[in-house]
Amino acid sequence: KQKQRRLADEIDIPCTDCGHFFPLAAYSLSQRLKPAETRRCPECANLQKEAVALFQAGAYDDASEKFYAVAEAAHAAGDAAQECTALQNMGTALVMRGALYDASRCYEGAMMLAVTAGTPTGTKVEVCESLLWCHSELGNAERAIECVASLPKFVDGASDCRASRHFFNSHLRLGNTRRII
């Protein structure tokens, strides 16, 4: 049994983020227990953890750079869903820095990936709402309306009326009525 374990530890397993192969022994125990298609090598797992920690500490410049690195690694590995999440997180870090135009570009990229990668409905709606918020804050009413119109595509049984009402109600609560009129 020990020999089998040693041999298993020497088998190279690909990281889902960067695509590089690492011996199973290099992965943490929690990563070893995950299905193979969701395993991250120690470098990628640490990069994501660092980005989240920087964001939580309020170091949004550094966090956005780390999320960019996570997005690059996911792109290199062909993991569109992870790349989408990383771009969305990067966009949120840019919003916290006040760089709304750059954030909207991240959200646009995340939206394209969310639609083409077959990500869960909740992710598509989250990205669309983030993009919608960015466009409304930037005063880009036409793009915000496009986002409102696209929301029903992601939510089963929704109508333009319900999505629009949700959008306008959320902005009324925030006091942003002059931005969308």
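Residues numbered from 1 in each chain as written. Predicted model: local features only at pLDDT ≥ 70, side-chain atom pairs only at ≥ 80, totals over all residues. Heavy atoms only, no water.

Caption draft 1: Region of interest: the packing of aromatic side chains. By the definition in use, this model includes one aromatic pair. Summarising the aromatic geometry, the rings of phenylalanine 55 and tyrosine 60 are spaced 5.2 Å apart at their centres and angled 70 degrees between planes, so their arrangement reads as edge-to-face. Residue classification places tyrosine 60 among the partly exposed positions, given a relative accessible area of 22%. (Phe/Tyr/Trp six-rings, centres within 6.5 Å; stacked < 30°, edge-to-face > 60°. Buried < 20%, exposed > 50% of the residue type's maximum accessible area, 1.4 Å probe, protein only.)

Caption draft 2: Quick look at the pattern of salt bridges. Tallied over the entire structure, the rule returns four salt bridges. Arginine 97 serves as the salt-bridge partner of aspartate 61, at 2.5 Å between the closest nitrogen and oxygen. With aspartate 61 in helix α4 (residues 60-77) and arginine 97 in helix α5 (residues 80-97), this pair connects stretches of sequence that are 36 residues apart. Overall, arginine 97 belongs to the partly exposed group, its relative accessible area being 42%. Measuring nitrogen to oxygen at the nearest pair gives 3.2 Å for the salt bridge that ties arginine 143 to glutamate 146. Remark: glutamate 146 and arginine 143 occur in helix α8 (residues 141-154); sequence separation between them is three residues, near one turn of the helix. Here arginine 143 falls in the partly exposed class, since its relative accessible area comes to 30%. (Salt bridge = Lys/Arg side-chain N within 4 Å of Asp/Glu carboxyl O. Helix = DSSP H or I, 4+ residues; strand = E, 2+ residues; numbered from the N terminus.)

Caption draft 3: Representation of the side chain of serine 104 within the structure. Among the structural elements, serine 104 can be located in helix α6 (residues 100-116). According to the relative accessible area criterion, serine 104 is buried, its value standing at 4%. A distance of 2.7 Å separates a polar atom in the side chain of serine 104 from the backbone oxygen of tyrosine 101. Those residues in contact with serine 104, other than ones at most four positions away along the chain, are Leu131, Cys134, His135 and Leu138. (Polar contact = N/O pair within 3.5 Å; in protein donor to acceptor, adjacent residues only side chain to side chain. Contact = heavy atoms within 4.5 Å.)

Caption draft 4: Structural view of the packing of α6 against helix α7 (residues 121-137). At their nearest, the axes of α6 and α7 sit 9 Å apart, and the two run at 150 degrees to each other. What the angle tells us is that α6 and α7 run roughly antiparallel. When the axes of α6 and α7 are compared, the crossing they make is left-handed. Note on element contacts: α7 touches α6 through Lys124, Val127, Cys128, Ser130, Leu131, Trp133, Cys134, His135 and Glu137, opposite Leu100, Ala103, Ser104, Tyr107, Glu108, Ala110, Met111, Ala114 and Val115. (Axes fitted to C-alpha atoms, helices over the stretch in contact; angles between N-to-C directions. Parallel < 35°, antiparallel > 145°, perpendicular 65-115°, else oblique. Left-handed = near helix turned anticlockwise from the far one by under 90°.)

Caption draft 5: Structural context of α4. Across its 18 residues, α4 extends 25 Å between first and last C-alpha, which sits within 8% of the 26 Å expected from 1.5 Å per residue. Inspection of α4 places Ala63, Ser64, Phe67, Val70, Ala71, Ala73 and Ala74 among the buried residues, and these make up the whole buried set. Once α4 ends, the next one or two residues include glycine 78, with phi positive near 75 degrees. (Expected span 1.5 Å × (residues − 1).)

Caption draft 6: Region of interest: the environment of cysteine 147. Considering the arrangement of structural elements, one finds cysteine 147 in helix α8. Not counting chain neighbours up to four residues away, the residues in contact with cysteine 147 comprise Cys128, Leu131, Leu132 and His135.

Caption draft 7: How the structure looks around the state of the cysteines. This model, assessed by the stated rule, comprises zero disulfides. With no disulfide of its own, cysteine 128 lies 4.7 Å from the sulfur of cysteine 147, the closest cysteine sulfur. A relative accessible area of 6% means that cysteine 147 is categorised as buried. (Disulfide = S-S within 2.5 Å.)

Such coordinate-based values are descriptive only and should not be taken to indicate function.
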